Amino acid sequence: MAGRASGSTADGGRGGGGGGRVDAVVVGSGPNGLAAALLLAAAGLETVVYEAADTAGGGMRTAETTLPGFRHDLCSVAHPMALASPFFRAFGLADRVDLLQPPAPYAQPLDGAPAGIAYRDLDRTAERLGRDGRAWRALFGPLVDRWQGTVDAALSDQRRLPADPLTAIRLGLRVAEFGTPAWGARFRDPAARAMLAGVAAHAVAPPRALAPAGAGLLLAALGHAVGWPVPRGGSQAIADAMAAELVRRGGRIVTGHRVGSLAELPPARAVLLDLTPAGLLHLVGPALPEGYARRLRAFRYGSAVCKVDFALAGPVPWADPACAEAGTLHLSGTREETVAVEREVAAGRHAARPYVLAVQPGVVDPGRAPAGMQTLYSYAHVPHGSTVDVGEAVERQVERFAPGFRDLVLARSATTAADQQLHNANHVGGDIGGGAMSLWQTAFRPVPAIDPYATPLDGVYLCSSSTPPGPGVHGMAGLHAARRALKHRFGLTADPLRRLAEG
């Protein structure tokens, strides 16, 4: 397929090699692919990115999926990690994109009881939690006070000592508490317990395990430390800012070209692949040593999501009005219900009342829809590879916590788990996290190795969410892979983040 190239060094935009040798090639323009490309270009290397879709961004894309004038994010929507990650801080994301902060990062509605609300203000959150407030403050206070150390520990390459060992230990102890049968012992009332379960279920796995507990604690801590912002106009704004800076630095992006073989790429000293193990096997399988290929084939993909977008005539009528301040809502009920539902999905069964993650960008960004109207982003957890449209179940789950919601629905659009992979090849079977979030696969993504980014092929690296630190719009897998390529392929040992920050 012919491609379209953009950039100051574009050679006419043909796909394939499209000219002579370059320094580096990146395949895939998700947050990690674009991060890697930016760091390589910031080091003065001629860099070209190839993207199968017609627009760059991967999971950071926005489109009108329901009705004209209603803009919906296709995957990522709220971005605590984008504000917190070392890569995006060096990139200066907050100066390039208008990141809008809902008063409450997330909420957990409950049946017939006040919702659990996590506000930016830790003390305000604790006050609403009543007798569990002191325990909530004790749990998150140390992680919030030293949030950069928390982020350093959680988003590292898992192969080096943390910069803030004490905070890393504190995080580890809390993960051990909430990822084991001790889970929830410090809380007495339903709201705090449900809030922790709801945020841990972002891992699309049963929350009573170490890896989901770690993800939940990180996201909850960031809610108080930096918030869960939504970009004005949609997540495409982040991709556009990254792409524009890459072009400014002399890089190129070729869209509309699905790479089928490394032979299609121009000769380069380094090739970084923002692909899953399945993508790597498809691209270069026969060239890989059998032992490495066998380990890639053993890589497990996790439970999936069915994405459901709503165009609404007005704001969601939450039973608890405090939910109107929340950007993100976890619609799964109590802790016990959340755990049971996630176990159902992990066992390959569709839940009658699925876990639904919903985001109402209109709380802070009314421009996502025509005047007076709203969009609602949602996805439900479903078994891997599901072909079922669970839009009706999602609608019932929203109605459960917001009576009258159905009356506001102007249009609904669903993308099944199986169809997710048609739009983004990295979403294997509808797994948007790049692989199952087990403890083993969190520490050893994609295979057990001293260097998880290098492949047996000379100069070829993986830089996707299937490598440490895993899923999220943080760019850190791209950073870790780029550091290795810069050092081993080009002999450049200077900190690439400093080059990026210096402009």
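Residues numbered from 1 in each chain as written. Predicted model: local features only at pLDDT ≥ 70, side-chain atom pairs only at ≥ 80, totals over all residues. Heavy atoms only, no water.

J.: Now, about the overall build of the chain: what can you tell me, with residues and values included?
T.: Check the secondary structure of the chain and you find 19 helices and 17 strands. Radius of gyration (C-alpha) of the chain: 22 Å, near the 23 Å computed for a compact globule of 503 residues. With respect to the three principal axes, the spread of C-alpha positions in the chain is 65 × 50 × 45 Å. Per-residue burial for the chain yields a buried fraction of 61% across its 503 residues. Sequence-distant contacts in the chain: of pairs separated by 6 or more residues, those separated by 24 or more amount to 75%. Accessible surface for the chain amounts to roughly 18,000 Å². Of this, 54% is attributable to carbon and sulfur atoms. (Helix = DSSP H or I, 4+ residues; strand = E, 2+ residues; numbered from the N terminus. Rg over C-alpha atoms; globule rule 2.2 N^0.38 Å. Buried < 20%, exposed > 50% of the residue type's maximum accessible area, 1.4 Å probe, protein only. Contact = heavy atoms within 4.5 Å. Areas by Shrake-Rupley, 256 points an atom, 1.4 Å probe, with all protein chains shown as cover.)

J.: Explain helix α14 (residues 335–346) to me, using residue names and the numbers behind them.
T.: Residue pairs three or four apart in sequence face the same way in an α-helix, which turns once every 3.6 residues. For α14, which comprises 12 residues, the first-to-last C-alpha distance of 17 Å matches the rise-based estimate of 16 Å (1.5 Å per residue) to within 8%. Those residues of α14 that fall on the buried side of the exposure criterion are R335, E337, T338, V339, V341, E342 and V345. Against the buried residues of α14 lie β7 (104–110), α9 (190–200), β15 (374–382) and α15 (391–401). Just downstream of α14 lies G348, where phi reads positive at about 90 degrees. (Expected span 1.5 Å × (residues − 1).)

J.: Can you lay out the pattern of salt bridges for me, pointing to particular residues and giving the numbers?
T.: Evaluation of the coordinates by the stated rule reveals 27 salt bridges. As a salt-bridge pair, D98 and R232 come within 2.6 Å of each other at their nearest N and O atoms. Of this pair, D98 sits in the loop between α4 (93–96) and β6 (99–100) while R232 sits in the loop between β9 (230–231) and α11 (236–248); the two residues are 134 residues apart in sequence, bridging distant segments of the chain. With relative accessibility at 38%, the residue D98 sits in the partly exposed group. Looking at R232, the relative accessible area reads 44%, which means it is partly exposed. When the shortest N-O distance is used, the salt bridge between E337 and R400 registers 2.9 Å. Of this pair, E337 sits in helix α14 while R400 sits in helix α15, and the two are 63 residues apart along the sequence. Pair check on accessibility: E337 and R400 agree, each one buried. (Salt bridge = Lys/Arg side-chain N within 4 Å of Asp/Glu carboxyl O.)

J.: Talk me through the packing of aromatic side chains; I want residue IDs and the actual numbers.
T.: Scanning the entire structure with this criterion turns up 11 aromatic pairs. Judged by centre distance (6.1 Å) and plane angle (10 degrees), the rings of F87 and F91 are stacked. Of this pair, F87 and F91 are both found in helix α3 (residues 86–91), 4 residues apart, which corresponds to roughly one turn of the helix. Both residues of the pair, F87 and F91, count as buried. With centroids separated by 4.8 Å and ring planes inclined at 50 degrees, the aromatic side chains of W136 and F140 adopt a geometry described as tilted. (Phe/Tyr/Trp six-rings, centres within 6.5 Å; stacked < 30°, edge-to-face > 60°.)

J.: Break down the nonpolar core for me, citing the residues and quoting the values.
T.: F87, F88, F91, W136, F140, M242 and L272 are the most contacted members of the largest nonpolar core, which totals 85 residues. Sorting elements by how many residues they give to this core places helix α1 (residues 31–42) first, with 9 residues. Excluding anything up to four places from it in sequence, F140 contacts L122, L196, L217, A220, A221 and H224. Counting residues in hydrophobic clusters, the runner-up holds 30 residues, among them V308, A322, V394 and F405. (Core = buried A, V, L, I, M, F, W, Y, C linked by side-chain atoms within 4.5 Å.)

J.: Which residues make up the sheet that holds strand β14 (residues 356–359), and what values do they have?
T.: Ordered by their spatial adjacency, 7 strands build an open sheet running β8-β7-β13-β14-β15-β12-β16, and the pairing between neighbours is mixed. Sheet topology places β8 (113–118) and β16 (409–415) at the edges, where each strand pairs with a single neighbour. Strand after strand, the sheet turns through a mean of 20 degrees between neighbouring axes, direction not considered. The sheet contact formed by strand β13 (residues 326–331) and β14 spans 4 bridges and is antiparallel. (Pairing = 2+ DSSP bridges. Axes fitted to C-alpha atoms, helices over the stretch in contact; angles between N-to-C directions.)

J.: I'd love a proper account of the pairing of β7, names of residues and values included.
T.: Of all 7 residues making up β7, 7 are buried, and the element is well covered by its neighbours. In this structure, β7 lies alongside β13, joined through 3 bridges in parallel fashion. Across the sheet, the residue bridging to Y106 is T328, located in β13. Relative to β8, β7 runs antiparallel, the two sharing 4 bridges. The residue of β8 that forms the bridge with L110 is A113.

J.: Explain unusual backbone geometry to me, using residue names and the numbers behind them.
T.: The amide bond that connects R445 to the next residue, P446, takes the cis arrangement and shows omega of -10 degrees. Cis rather than trans, the peptide bond between P468 and P469 has omega equal to 10 degrees. For Q158, which is not glycine, the phi torsion reads 60 degrees and is therefore positive. Relative to the elements of secondary structure, Q158 occurs in the loop between α7 (147–154) and α8 (165–178). Even without glycine at this site, V204 takes up a positive phi of about 55 degrees. Along the chain, the position of V204 falls in the loop between α9 and α10 (210–225). Residue V204 is classed as buried on the basis of its relative accessible area, which comes to 11%.

J.: Give me the lowdown on the environment of A304, citing residues and values where you can.
T.: With respect to the helices and strands, A304 occurs in strand β12 (residues 304–312). C-alpha of A304 to C-alpha of G59: the two residues are 245 residues apart in sequence and 15 Å apart in space. Apart from the residues within four sequence positions on either side, A304 is in contact with V204, A380, H381, V382, P383, H384, G385, A417, G429, G430 and D431.

J.: Describe in detail the side chain of D309, supporting the description with residues and values.
T.: If you trace the backbone, D309 turns up in strand β12. Taking the relative accessible area as the measure of exposure, D309 reaches 4% and is therefore buried. With residues up to four places along the chain from it excluded, the contact list for D309 reads T65, T66, H72, D73, L376, Y377, A411, R412 and S413.

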